[in-house]
Amino acid sequence: MNQLKCTVFSLIFTICGYVHALDSDSVSHPVEQASAGDRIACPSQDFDKFIQVFSESKDVQMKFIKYPLKQLQLNLAAEPEPKPIVRELWRDQVLFPVMPNEIERKQKSLVLRIDDRKSNHVELILEKNDTDYKINYFFNRNSCWYLERIENWSL
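Keep in mind it's a predicted model, so treat the numbers as computed, not measured.

### Quick look at the pattern of salt bridges
Part 1 of the argument: Scanning the model with the defined rule gives seven salt bridges in all.
Part 2 of the argument: Note that K106 is salt-bridged to E102, the shortest N-O span being 3.5 Å. Taken as a pair, K106 and E102 lie in helix α5 (residues 102-107) at a separation of four residues, close to a single helical turn.
Part 3 of the argument: Residue K106 is classed as exposed on the basis of its relative accessible area, which comes to 62%.
Part 4 of the argument: E127 serves as the salt-bridge partner of R113, at 2.8 Å between the closest nitrogen and oxygen. Pair noted here: R113 is in strand β3 (residues 111-118) and E127 is in strand β4 (residues 121-127), with a separation of 14 residues, a long-range link.

### A word on unusual backbone geometry
Part 1 of the argument: Look at the link from Y67 to P68: it is a cis peptide, with omega at 0 degrees.
Part 2 of the argument: In this fold, P68 is placed in strand β1 (residues 65-75).
Part 3 of the argument: In this structure, P97 follows F96 across a cis peptide bond, with omega equal to 0 degrees.
Part 4 of the argument: Among the secondary structure elements, P97 is positioned in the loop between β2 (83-89) and α5.
Part 5 of the argument: Even without being a glycine, S109 presents a positive backbone phi close to 55 degrees.
Part 6 of the argument: By relative accessible area, which is 46% here, S109 ends up partly exposed.
Part 7 of the argument: For D130, which is not glycine, the phi dihedral falls at a positive 60 degrees.
Part 8 of the argument: Here D130 is to be found in the loop between β4 and β5 (134-141).

### Some words on the state of the cysteines
Part 1 of the argument: In this structure the tally under the stated criterion is one disulfide.
Part 2 of the argument: Here C42 connects covalently by a disulfide to C144, the sulfurs 2.0 Å from one another. As the torsion about the S-S bond is roughly 75 degrees, the C42-C144 disulfide counts as right-handed. In this pair, C42 is assigned in the loop between α2 (30-34) and α3 (47-56) and C144 in the loop between β5 and β6 (145-152), connecting sequence segments 102 residues apart.
Part 3 of the argument: You can call C144 buried: its relative accessible area is 1%.

Reading guide: rules and limits
Residues numbered from 1 in each chain as written. Predicted model: local features only at pLDDT ≥ 70, side-chain atom pairs only at ≥ 80, totals over all residues. Heavy atoms only, no water. Salt bridge = Lys/Arg side-chain N within 4 Å of Asp/Glu carboxyl O. Helix = DSSP H or I, 4+ residues; strand = E, 2+ residues; numbered from the N terminus. Buried < 20%, exposed > 50% of the residue type's maximum accessible area, 1.4 Å probe, protein only. Disulfide = S-S within 2.5 Å.

Given below as structure tokens:
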């Protein structure tokens, strides 16, 4: 009877050791690596501070988007005039960064401004003066601010 108990315990320890070895192997858990960005804390409840961090970090952008992300894009080839096309994008379909950082905005003479602000909703406009370049970003706040929709009205 004692030998049976020893064999069972030995088997249990062997299995536990094997499972632990698998668990510590990062290759066997790519989902854990990919979800490391999910542990990013909300940058700020204050939208002005939030958007500074959001615009500068691809990882923050990936975390604080509500999926599916609604994206409006103009079909410039439509006749007789451009027509909007709305798509719903999942995380693996979104091209990051979704918003240029401050350096890129300065290099391209892009201006990011708040168009509409409410306590739990903010609409930003990214535009280039004297051109048809215009992108609207819509954020809503729950536990943090989340980008819910992008509308590209550029011609």
